[in-house]
Structures are given as structure tokens and as C-alpha cells.
Amino acid sequence: MKLAKLDFLLRYPDRFNTLMAVRRPNVDAGDNPWLTGTIEQSMIRYRYGPWDPAYYALLGALTGKGLIEPKHEAAVATYCTTQAGHDVAGALAESESWRPVRDRAVLLRRYFNLTGITLKNLIYETFPDIVDADWGTHL
């Protein structure tokens, strides 16, 4: 799932900075969105890369609140924001407290708007320790 790979890069700024240095060495990676250096919840090594088991509940909650809607294309589950979701995201993006996250999301979209498989391959190529980790290992 592409969302998981982008979330990994958002949640782990050191990994993001390393990947940016490899792919775009002359681009400023910006501020760390987690200025305290803490991560709310770690991700685990799963079949197709970093994963958080909470995704299913989170996607269900966002769907239930009408902020996203599922789309199924060629047996692949995808999601898109509804107008209400777009409005909420826009309001968060304008708030000062979410500025570092917004700025990082802009960089993710600009430089890593790739397929989930391509992102997985980039992560695996750049971070062999993730490939070597056993399934279920916290990253």
C-alpha cells in the first residue's frame, strides 16, 4: 500500500533525509516534522515493507466520518478524499501546529509520488536493514 510507504517516510525523518540525499542530493529536506524526535507508534516489518496494523481502523474511521471514500481499481483498494476530507486537510494545513507535517507532505508528494511497488523497492534498496528484519519486527 502506497500510503504505508509514505507514512514510513513521514514518521521516520532520518530515513526520509537519507532517501532524499540519495534521490535529490541538492534539495533541502526541510524541518523534522517530529521536532521532539519521538514517534507516536512504531511500524513493523511486514510482507511488503513497513506497516502499521492501525491502518485498517484508521481508514475505517476516516471512511465512517465521510472524510475519505474507498475506490477499487483492478483488485487494488485505493482511497480518495471527499470534499469534507479535503476541507479538513486544508484547515489542518493552514494551522501553525501542523506546518511541519504539511511541509513534509509537500516534499513527499513532489519527490516520492511513485507507485507503492516503486516506493517499496526504493526503501528496500536504500535500507537493507529493513529487508533483513524478520516479519513483525518493530522498525
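Look above for the structure.
Here we summarise the structure given alongside this text. Computed from a predicted model, the values in this text were never measured in an experiment.

1. Digging into the packing of helix H1 (residues 2–11) against helix H6 (residues 116–126)
Following both chains from N to C, one finds H1 and H6 inclined at 40°, their axes separated by 8 Å at the closest point. Relative to H6, the element H1 is oriented oblique. Between H1 and H6 the crossing geometry is left-handed. Where H1 abuts H6, its residues Lys2, Lys5, Leu6 and Phe8 lie against Gly116, Leu119, Lys120 and Ile123. The class makeup of the residues in the contact of H1 with H6 is four nonpolar, one polar and three charged.

2. What about the layout of surface pockets?
The volume enclosed by the largest pocket comes to roughly 2300 Å³. Around the largest pocket, the lining comprises 47 residues; the ones closest to its centre are Leu3, Leu6, Asp7, Leu10 and Leu62.

Cut-offs applied
- Residues numbered from 1 in each chain as written.
- Predicted model: local features only at pLDDT ≥ 70, side-chain atom pairs only at ≥ 80, totals over all residues.
- Heavy atoms only, no water.
- Axes fitted to C-alpha atoms, helices over the stretch in contact; angles between N-to-C directions.
- Helix = DSSP H or I, 4+ residues; strand = E, 2+ residues; numbered from the N terminus.
- Parallel < 35°, antiparallel > 145°, perpendicular 65-115°, else oblique.
- Left-handed = near helix turned anticlockwise from the far one by under 90°.
- Contact = heavy atoms within 4.5 Å.
- Nonpolar A, V, L, I, M, F, W, Y, C, P; charged D, E, K, R; others polar.
- 1 Å grid on protein atoms, 1.4 Å probe; cavity = no way out; pocket = protein on both sides within 12 Å on 5 of 7 lines; lining within 4 Å.
- Points joined across faces, edges and corners; volume = space filled by probe spheres on them.

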